[in-house]
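Each chain, written out:
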Amino acid sequence: MDSTTRTRRTVSVKHVLYSEILSVTTAMRKNSRWASSTQFVTSKDSTLGSNLGLRISTSNYATQSSGRGNREAELMGGFQELKRAVRDVEDISSIELPGILAPFFAIIRSPLSTGPITSAALSALHGLFVCGLISPTSIALDHALVELSSTVSHCKFEASDSSGDEVVLLKIMAVIEDCLCGNVGNVLGDIEIRLSETLRRSAENTMHALVRTVFSRLHQLDPVVEEAKLRRADEDAPEGEIKLTVSTTEASGDAPEGVDADSQENTLDKVPETEDVAVPPTPIAPGVDRAQYGLPSILELLRVLINVLDPMDQQHTDSTRLIALGILNAAFEESGPKIAEFPSLEALVLDPGCKYLFQLARSDNTSVLHLALRTISTVFDTMRHHLKLQQELFLAFTIDRLALPPSPHPKGSAFTAKKAYTGSPRPSTPRPGTPMSNSNGGAGGEPPEKEAEKGTAAPSRVLVAPARGETRNLILETLSQISRQPSFMVDLYTNYDCDINCENLFERLSDFLTKAVYPTDYPSEDPQQRNAQYLCLDLLLAFVNDMAARAEGDFPTPESLIQTKSQKKLILTGAARFNAKPKPGIAFLEENKLIYNDLSEEVTKARSLASFLKSCTRLDKRLLGDYISRPDNIELLEAFIGLFDFHQKPVAEALRELLESFRLPGESQQISRITETFASIYFASGPEEIKSQDAVYVLAYSIIMLNTDLHNPQVRKRMTFEDYQRNLRQVNDGDNFSPEFLQNIYDSIRKREIVMPEEHTGQLGFEHAWKELLTRSRQAGNFMICNSSAFDIDMFKIVWKPVISAIAYAFISFEEEYIIQRSIAGFRQCATLAGHFRLPDVFDFVVVSLSEATSLLSDSTPARVPNYPVVEVEGQSVTVSNLSVKFGTNFKGQLAAVVLFNIVNGNGNALREGWTQIFEMFQNLFLHSLLPTRMLQMEDFLGGVSMIPLRGSTPPRPAARSEGGLLSALSSYLMTPYSASTEHLVPEATDLDVENTLCTIDCITSCRLDELYTQIMQLDIDALIAAVRALEALAHERTVARLKQESDDGMNHSDDVFSLPYDPASVFFLETMVSILCQAPQHIEELWPIVFEHLSALLSTSVQYSILLIERAVPSLRDQIYVSFDLLSGLPPAIASSVGEQVVSGLTLLLQKHRDIISSQTEWNLVFALIRSTVANSEAARMSFDLITSVVSDGSDQLVTTDNFSGLITILDDFMTIAGASTERSQSKGRRSEPLTSVNSPPVARGKKAVELLFNLNKFLPQFLNSSQAPTHQAWRQYCLPLLVSLSRQSANAAREVRHSAISLLQRSLLGPHVLFEEADHTHVEEIFNRVVFPLLDDLLKPEVFHRDPQGMPETRLRASALLCKAFMHLDVREGQVKDFRILWIQILDLLDRLMNIDRSDQLYEAIPESLKNVLLVMNAAGILVPPSEPDTRDERQRTLWTATQERMERFLPGFLIELIPQTPREATSS
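1. Quick word on the overall build of the protein chain
1) Next: On a plain count of helices and strands, the protein chain comes out with 63 helices and four strands.
2) Next: The buried share of the protein chain, taken over its 1471 residues, is 55%.
3) Next: A separation threshold of at least 6 residues defines the contact pool for the protein chain, and within that pool the share at least 24 residues apart is 77%.
4) Next: Taken as a whole, the protein chain presents about 64000 Å² of accessible surface, with 50% of it coming from carbon and sulfur.

Here it is in structure tokens:
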């Protein structure tokens, strides 16, 4: 062809190339040599692992077979490689021509080929010349032609039959003609030709060339002008029409391969041939050239070719149809999309062209099937825009043919497929095949209403038998070819899934493809099954690849289609519920505003509902007929029938239209109501010759009876026209209908049965469904090409799980490197889409699927790590474990691991549930010493870094402070370790084991786990919470859950408390959680509750495993940290003492850096309780006291507030008490022990210091009084009194230094200036004596207190008695004292009496009278204690006080009072 012809738009070159590849591979698979091999070949030299940074061990690969089997596989694999190479290439001309032609040359040269295979390859070369792929502009054309000439010169093939061999020679001649006579002839060099004298079947090739020439005229014709001419010609034709016919005379020659010998009699003889018709000749004016042929000729030629395809026409055989199919395919290839611009040609292709092609697509003849499928794919490639419903029909039919019965998936597969689809979900979609009714359930065994809601079921379904063997391969290859456009899946979704009246083809096709990747009931080694699995996987991966490419684009969002898709879901659900029970279904439709939403004066509720029932194709037609004919639905029935337009329609056609919309009920009354309503509405349309409504009623009944009589196979004697006419005498309002009127009714029913819904069977059912499809086509619009990303998220949400499962299955199960590469790319693209669409569930599923493929997940990990051999390799210590050896031999697992962690690296924010698998793999690698060192280090508040121990020996701990991590510091009691004395023999590592371990180490290095570990600390809050939750769940399983299980299992074996052995994995998880908390302080409020849940669970049974649970230094903690304080403070004393140092360290850090976190009295009390629980540990006690000292003392760390004042008093009191307790313990050891002092006893030193700190708290009292809003007396009781009580209590401390310091400072407090109480308020004075002074003296008088320090206690008693007297004189003995303190005074005298007489040899016996003397004199001087006189001028209180004092003192100091304060004589008084 010339260059101008080549530039016009024809069928795409890629389509032709795919078709020719399919032709050759189909011919090859017919041969037994290739019937037992797949199209995919494993690469001999694997570069996949090297590209991913893996160490390739020669032991990982078995030696591949060689020889003839490999050569056969290479021939088939060449075509597959070519398909891969051009799959993503838009412009085929950009590929070098020798690379495209190489597989065809190889099969022509190969001696393994046969005549039919070589013929197919040569035909393919001819087709590539014709389509323009081989052209002067092709890259490396000269080299390709040299190869071509050499190939045809050395053509070799196995001889079969003479006819087939001669066909090869004919094909060789055709290729030589293309080279010499075509537009590349001037490039051709010298060639060597072998010719045969017999060249047969040239007629077919000639016909192809003629038809291509004829249809090439379409590119030069104007569609508008030509169609106008055609209409004028039709109008001018007086009668009849000029037609081309096909005669069936005997022809010589052999039928094409695959055609039965019996069917070789009839061939296409003469095309065209003109019938003899009476048409006047058209005169030709002299000197005027005859016009060139145009559209009428092309139309007639196309009509003849299509009519030959009619499978119901027994006049034509398969051999004839094969020739017609080839010619027709050539016509479509030549005309391309141009043919659709001519309405007359388009109408002919739509019907009956597509109808016949689809019927031939179920042919049992492989050759016919192949050519029919090729022609169908060409039609779709050229006229896709105009074949929306035709493509829906073909794809639904294809899926039905390809669907196979399900079989169990391999154990452990990530996805268990549902049952396959077994039929079409639309009742109005024809199925070329032997129909089967299925009214009991939906496809795949699911309930009909369930499938109807998904858009994949219908009340009745036409089923087709599943295709098998070569037929299945052909159909699947055709599906692959049709779906090669990048927008194919989007087009399906937008045109069908988003169309209320169409099937969900995208969902159905995706469901089929994902299930087809898994094996079926064929043997697992069946090559045809494996080939089908590869093709389906390739389609899935292409879909994911195209979607990933679209994700980078920017497209508008078509809101209308998305809204239609949502409405479709509602309609499907409503229809399913109506089919189950009409009343709830209608309620659902009303609730979702699918009905009654358009009400107006013209539109009633009945009409609105009727419109929906008539237009919805998903309803059960049998149920619909029953529902609208019920007695209470008369108004609905009238509205439903009123929607039909019966104007100028014959009564038979009107009734046919009505009865095809629903199933006529079986009850006579319901039939009567329908017929009566029809008669009323039809008569209102004004039909001719019918005089009354009753006449219509009788006619309708008669037509129903006539239809049954003429077409029911059980009726033997058929009704004649005379019988029918006789039955209708005088029913037309007393008159007869005309014979012509009745004859038309009779003929209409006789020729075309009224086929009611639920009766669509056989060819009649197909014809009826095809008629409905054509009716719908007029309203469906054109097929949209929508390569937009706007719908990708909705599509991806529907199919992501089965798609990823199928990819995972292919990755695990298939060994071909190409499949593995595509699967890896599919995983990455799915992960990219998950991040792009913000679908963490998808990302999780990718991670889960890949993690299962790594083999790094184990069902159970031992609590005790075995002793693995450690070897030195290049100066590095390598642990050779079972996992490292096994994983090193698992190349597929290594690939999965590298891909998995490369995907997760940088995408951690998209991960949620998948963190569980990530940390499980970390655990397994940790237990086998395969994790990077950075992930094994532990840090804590005490400083220093150590490694998490793998075995149960407790790491050494310095005496002063622990330098290990938080976990190692507590590992000695977190879980009871195994005895270090139990040693096992270390196995020896072989060279192969070391090599495999090195492969594992290289793989782990390529995974970049340390980078991922660092990224975890920087995750967004949602992903970080998910990661910590996964860690907590895994740690819980290995500790709390395991403890419960093993405790239950060993409940009856021992009475001792069960404890778990040391488990390094639980320590690893806990340390990882703590590290995340420490390094992500900004999210601590969200993360801490998760960690705390685990810690509290462990601490609640801390004696059964050791605590490794001390909180990290974290800011912004509120409620949870105080709950943890309370929990830690309640630990058993032994455990609390063991972890005390770490607890106080963390607490100190908290108070130093985040002191504002503690802001209430309750919170301070929890802090003090936590400190109190750890003071039994000497180092912890020292740290605690330093902390308290810093809080109380002046300086930057001083933090005394009203909230912690009482707590500070208590905790300081505790330190003083501890000092006394340590003194008593020392005394109990014997007399020879050295007395404890502040010099030789830290507790005593701390106790003495605590007394001073306690006294110093007095200086804060004025500040509290000024800042507090509380009354003075309340502040006195809250702040001052507790301090005095503590000093009083410690004045009886066993430690002498503490005791004397306390009593001295108590005296200073009582006798010094007072801020918080008024001396005039005697209530405060009484509280001082009753709660401070008197209890002190009571304690000192107790023998057990005295024996604490027998040598020093007398001095203390002496000081206490002096304090008693001084306090009384200071507080109560004042001039003008009005408060009655007689009771208080008597109590003082009682105590002095007891002190004086407790030991008469004591200093007290002499000191007390002296102290009492001073008190009495002061009281007398103040006028409080006044002796009697004459006359007696004392008041009642003075008299009473004197009398009581005298009586009480006479008991232990008789005459002392009278001697000290004598009574005044009467005479002296008088004078």
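2. A word on the confidence of the model for the protein chain
1) Next: On average, the protein chain scores 75 in pLDDT, and the residues at 70 or more come to 76%.
2) Next: Low confidence marks residues 407–450, where pLDDT is under 50. Its contacts with residues over four positions away, or in another chain, come to 131 contacts.
3) Next: Note that pLDDT drops below 50 for residues 1105–1119; the model gives that stretch 71 contacts with residues more than four away or on any other chain.

3. Looking at helix α50 (residues 1178–1192)
1) Next: With 15 residues, α50 should reach 21 Å at 1.5 Å per residue; the first-to-last C-alpha distance of 21 Å fits that figure.
2) Next: Burial analysis of α50 places eleven of its 15 residues in the buried class, the great majority of the element.
3) Next: Where α50 is buried, its residues touch α48 (1140–1153), α49 (1161–1174), α51 (1205–1228) and α52 (1242–1256).
4) Next: The N-capping residue of α50, defined by a side-chain oxygen 2.9 Å from the backbone nitrogen of Glu1179, is Asn1177.

4. A short note on the nonpolar core
1) Next: Among the nonpolar cores identified, the biggest contains 196 residues, and Phe215, Phe512, Trp915, Ile918, Phe919 and Phe922 are the most heavily contacted of them.
2) Next: Among all residues touching Phe919, those that are not within four sequence positions of it are Ile1016, Ala1027, Ala1030, Leu1031, Leu1034 and Phe1069.
3) Next: Counting residues in each nonpolar core, the second largest holds 110 residues, with Leu1208, Leu1306, Leu1337 and Leu1404 among its members.

5. Quick look at the environment of Pro352
1) Next: Its location among the elements puts Pro352 in helix α14 (residues 343–360).
2) Next: Counting along the chain gives 42 residues from Pro352 to Asp310, while the straight-line C-alpha distance between them is 8.5 Å.

6. Overview of the packing of aromatic side chains
1) Next: In the structure shown here, the tally under the stated rule is 33 aromatic pairs.
2) Next: A ring pair is formed by Phe811 and Phe827, whose centres lie 6.0 Å apart and whose planes are at 75°; its orientation type is edge-to-face. Of this pair, Phe811 sits in helix α33 (residues 792–813) while Phe827 sits in helix α34 (residues 817–837), and the two are 16 residues apart along the sequence. For the residue pair Phe811 and Phe827, the accessibility class agrees, reading buried in each case.
3) Next: Ring geometry for Phe1329 versus Phe1334: centroids 5.6 Å apart, planes at 45°, classification tilted.

7. Considerations on the pattern of salt bridges
1) Next: Tallying each qualifying case throughout the model produces 37 salt bridges.
2) Next: Arg1299 is the salt-bridge partner of Asp1349, the closest N and O atoms lying 2.6 Å from each other. Taken together, the positions of Asp1349 in the loop between α57 (1343–1346) and α58 (1353–1371) and Arg1299 in helix α55 (residues 1296–1311) put the pair 50 residues apart, joining distant regions of the chain.
3) Next: Taking relative accessible area as the criterion, Asp1349 reaches 7% and is therefore assigned buried.

8. Some thoughts on the pairing of strand β2 (residues 876–879)
If a strand is regular, its side chains alternate between the two faces of the sheet.
1) Next: In terms of strand pairing, strand β1 (residues 870–873) meets β2 through four bridges, oriented antiparallel. Directly across from Glu872, in β2, lies its bridge partner Ser877.
2) Next: Taken together, β1 and the strand that follows it, β2, pair antiparallel across an intervening segment of two residues, in which Glu874 is found at a positive phi of about 55°.

9. Remarks on the environment of Ile918
1) Next: Relative to the helices and strands, Ile918 resides in helix α38 (residues 915–927).
2) Next: With 18 residues separating them in the primary sequence, Ile918 and Leu900 have C-alpha atoms 9.3 Å apart.
3) Next: When near neighbours in sequence (up to four residues on either side) are disregarded, Ile918 contacts Val847, Leu900, Phe901, Val904, Leu911 and Leu1012.

10. Topic: α49
1) Next: For α49, which comprises 14 residues, the first-to-last C-alpha distance of 20 Å matches the rise-based estimate of 20 Å (1.5 Å per residue) to within 8%.
2) Next: For α49, the full list of buried residues reads Glu1163, Trp1164, Leu1166, Val1167, Phe1168, Leu1170, Ile1171, Ser1173 and Thr1174.

11. A short note on the packing of helix α54 (residues 1272–1290) against α55
1) Next: Two numbers describe how α54 lies on α55: the axes approach to 8 Å, and their chain directions differ by 145°. Seen from above, α54 lies across α55 with left-handed handedness. The residues of α55 that touch α54, namely those facing Leu1284, Leu1287, Ser1288 and Gln1290, are Val1298, Arg1299, Ala1302, Leu1305, Leu1306, Ser1309 and Leu1310.
2) Next: Split into classes, the residues belonging to the contact of α54 with α55 amount to seven nonpolar, three polar and one charged.

12. A closer look at the environment of Thr675
1) Next: Tracing the backbone shows Thr675 in helix α28 (residues 668–684).
2) Next: By relative accessible area, Thr675 is classed as buried at 4%.
3) Next: When the C-alpha positions of Thr675 and Val698 are compared, they lie 8.7 Å apart, and in sequence the two are 23 residues distant.
4) Next: Contact partners of Thr675, with chain neighbours within four places excluded, come to Tyr697, Ala700, Tyr701 and Ile704.

13. Observations concerning the packing of helix α6 (residues 97–109) against helix α7 (residues 115–131)
1) Next: Running from N to C, α6 and α7 point in directions that differ by 150°, and their axes come no closer than 9 Å. One finds that α6 runs roughly antiparallel with respect to α7. For α6 against α7, the interelement crossing comes out left-handed. Residues Leu101, Phe104, Phe105, Ile107 and Ile108 of α6 form the contact with α7, whose participating residues are Ile117, Thr118, Ala121, Leu122, Ala124, Leu125 and Leu128.
2) Next: Split by residue class, the contact of α6 with α7 holds eleven nonpolar, one polar and no charged.

14. Points about unusual backbone geometry
1) Next: Asp351 connects to Pro352 through a cis peptide bond whose omega is 15°.
2) Next: Here Glu689, not a glycine, exhibits a phi torsion of approximately 75°, which is positive.
3) Next: Classification of Glu689 as partly exposed rests on a relative accessible area of 34%.
4) Next: Despite not being glycine, Ser855 shows a phi value in the positive range, around 70°.
5) Next: Checked against the element boundaries, Ser855 lands in the loop between α35 (840–854) and β1.
6) Next: According to the relative accessible area criterion, Ser855 is partly exposed, its value standing at 30%.

15. Comments concerning the side chain of Lys338
1) Next: You can see Lys338 is positioned in the loop between α13 (318–335) and α14.
2) Next: Non-local contacts of Lys338, meaning those with residues more than four positions away in its chain, are made with Leu218, His219 and Leu221.

What counts as what
Residues numbered from 1 in each chain as written. Predicted model: local features only at pLDDT ≥ 70, side-chain atom pairs only at ≥ 80, totals over all residues. Heavy atoms only, no water. Helix = DSSP H or I, 4+ residues; strand = E, 2+ residues; numbered from the N terminus. Buried < 20%, exposed > 50% of the residue type's maximum accessible area, 1.4 Å probe, protein only. Contact = heavy atoms within 4.5 Å. Areas by Shrake-Rupley, 256 points an atom, 1.4 Å probe, with all protein chains shown as cover. pLDDT = per-residue confidence, 0-100. Expected span 1.5 Å × (residues − 1). Polar contact = N/O pair within 3.5 Å; in protein donor to acceptor, adjacent residues only side chain to side chain. Core = buried A, V, L, I, M, F, W, Y, C linked by side-chain atoms within 4.5 Å. Phe/Tyr/Trp six-rings, centres within 6.5 Å; stacked < 30°, edge-to-face > 60°. Salt bridge = Lys/Arg side-chain N within 4 Å of Asp/Glu carboxyl O. Pairing = 2+ DSSP bridges. Axes fitted to C-alpha atoms, helices over the stretch in contact; angles between N-to-C directions. Left-handed = near helix turned anticlockwise from the far one by under 90°. Nonpolar A, V, L, I, M, F, W, Y, C, P; charged D, E, K, R; others polar. Parallel < 35°, antiparallel > 145°, perpendicular 65-115°, else oblique.

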